[in-house]
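This is what each chain is made of:
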Amino acid sequence: MGRTNYSAKRKIELGIVWCMYGVYGLLCLYLYIMQAKQPLDYNNRYFQSDLPYHISMIVDDGWYYSFTAYVYRLLYTLAGGNGNLIAGFLAIVTVGTVAGTETLLREFQEKTSPLLLGLESISCNLLMAFFLPLAGKYRYVSYQNGNLWHNSTYLVMRFLAVFAMVLYIRMEREYREKISVSKWIGFTILLIICTGVKPSFLTVFAPALALKLLWDLFHKVDFWKVFFLGCSVLPACGVVLWQNAVLFGEETGNGFEWNPWYTFSLHADRPKVAVLCSLAFPGIVALMHLKKIFSKPQYFFAWLMTAVGFLEALLLSETGTRSRDGNFLWGYLFAIFYINIYSTRIWLEDRPGKADSPGKWILFVICGCVFFYELYGGVYFFLRLLSGETYFMLG
């Protein structure tokens, strides 16, 4: 009887979760349809996004700089010359990222209820930076956020990167004893596709992996196992060379340069404070759980990716027509998305019990207050986007 009740409860919880995912997907579908139909007018601030420009670059200019271009071309043609099917594809990708977040969270924790897992997953896909008008008056662009809805290539890249991280975590756990060839092949292919969509994930993952493997090598992990795991990124690096030729070839007039703080200063009033606000939740969780950073290898790796992404965004910027686009931020934004997921799990798994000291409860509540303020900011931002506001919205 107890087992039957547990099964029925689980089914109800799963139904609630999928209803939440469905509602979120429908809202995203509406948002992306409205974005896709906007005119190519840089003065337009109604449902503003990069989507109509991405579609135009493919349909009108024939510029295939991302693997998404081939998908968009097909969907645009099947839809009879409009972006509705592209919008549907992006809505599926966005909800798929929530499902991928749920899969990631399962890798980090013991069994938990489907409802709690679903709420964690959708919350992590709505978190925004800790909005502080003193740091920057623009609710989104003054800060760095792992969640956004205006750049379609980032949305697809993030979706693929989440599942790439799932495969990497599973491989990393067992590679010292043996490497699963099927997992290695799956991860390598996924990394190629992800990089072909947008190279940003590889730019933070590959350096972090190189440092991690170097550490393993010095700690007597077998050289050939380290070498084999490291080789998984090499085919994706070849894709980067193709993209570099398309985006930064001599005829484009684009390039990149060493330019500290330039990207962070584009829209923030106080860039250093804005950087801290962007890492408020994972930062405060880390301060309260410093030992876990060093005792949990995947938690350390998440912070390592974040550090790599931060340094790239801090030190590098583009030149030419793309100089104000902040494209070195994309890898860092994914790293923030990932560290937020892991920090949510660290925060919740360390929740105090009735017998714990008041001090532990106070620390848990402080982290919770930051989390829910950032969640409120994300929901508020998303709802304003649905009303047609620009992502340059003021607080």
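As shown above, the structure is provided for reference.
The model shown is predicted, which means the values in this text are computed figures rather than measured ones. (Residues numbered from 1 in each chain as written. Predicted model: local features only at pLDDT ≥ 70, side-chain atom pairs only at ≥ 80, totals over all residues. Heavy atoms only, no water.)

### Describing the side chain of Arg-158
Tracing the backbone through its elements, the reader meets Arg-158 in helix H6 (residues 152–174). Buried and without a salt bridge, Arg-158 has Glu-374 as its closest oppositely charged side chain, separated by 13 Å. Polar side-chain contacts of Arg-158 include one of 3.1 Å to the backbone oxygen of Gly-146. Ignoring any residue separated from it by four or fewer positions in sequence, one finds Arg-158 in contact with Thr-97, Asn-125, Gly-146, Asn-147, Phe-334 and Phe-337. (Helix = DSSP H or I, 4+ residues; strand = E, 2+ residues; numbered from the N terminus. Buried < 20%, exposed > 50% of the residue type's maximum accessible area, 1.4 Å probe, protein only. Lys, Arg positive; Asp, Glu negative; His and termini not counted. Salt bridge = Lys/Arg side-chain N within 4 Å of Asp/Glu carboxyl O. Polar contact = N/O pair within 3.5 Å; in protein donor to acceptor, adjacent residues only side chain to side chain. Contact = heavy atoms within 4.5 Å.)

### Let's talk about the nonpolar core
Within the largest apolar cluster, 112 residues are counted, with the highest numbers of intra-cluster contacts made by Trp-149, Met-165, Phe-201, Phe-205, Met-305, Phe-334 and Tyr-338. Once you skip the residues sitting within four places of it in the chain, Phe-201 turns out to touch Met-157, Ala-161, Ala-164, Met-165, Leu-191, Cys-194, Met-305 and Phe-334. By size, the runner-up hydrophobic cluster in this structure holds 7 residues, among which are Phe-131, Tyr-143, Ala-268 and Ala-274. (Core = buried A, V, L, I, M, F, W, Y, C linked by side-chain atoms within 4.5 Å.)

### Brief notes about the pattern of salt bridges
Under the criterion given, the structure shown has 15 salt bridges. Measuring nitrogen to oxygen at the nearest pair gives 3.8 Å for the salt bridge that ties Lys-137 to Asp-269. You can see Lys-137 sitting in the loop between helix H5 (114–124) and H6 and its partner Asp-269 sitting in the loop between strand S1 (255–258) and helix H11 (271–278), a full 132 residues away along the chain. A relative accessible area of 37% places Lys-137 in the partly exposed class. When the shortest N-O distance is used, the salt bridge between Asp-216 and Arg-176 registers 3.7 Å. Of this pair, Asp-216 sits in helix H8 (residues 200–218) while Arg-176 sits in the loop between H6 and helix H7 (181–197), and the two are 40 residues apart along the sequence. Overall, Arg-176 belongs to the partly exposed group, its relative accessible area being 32%.

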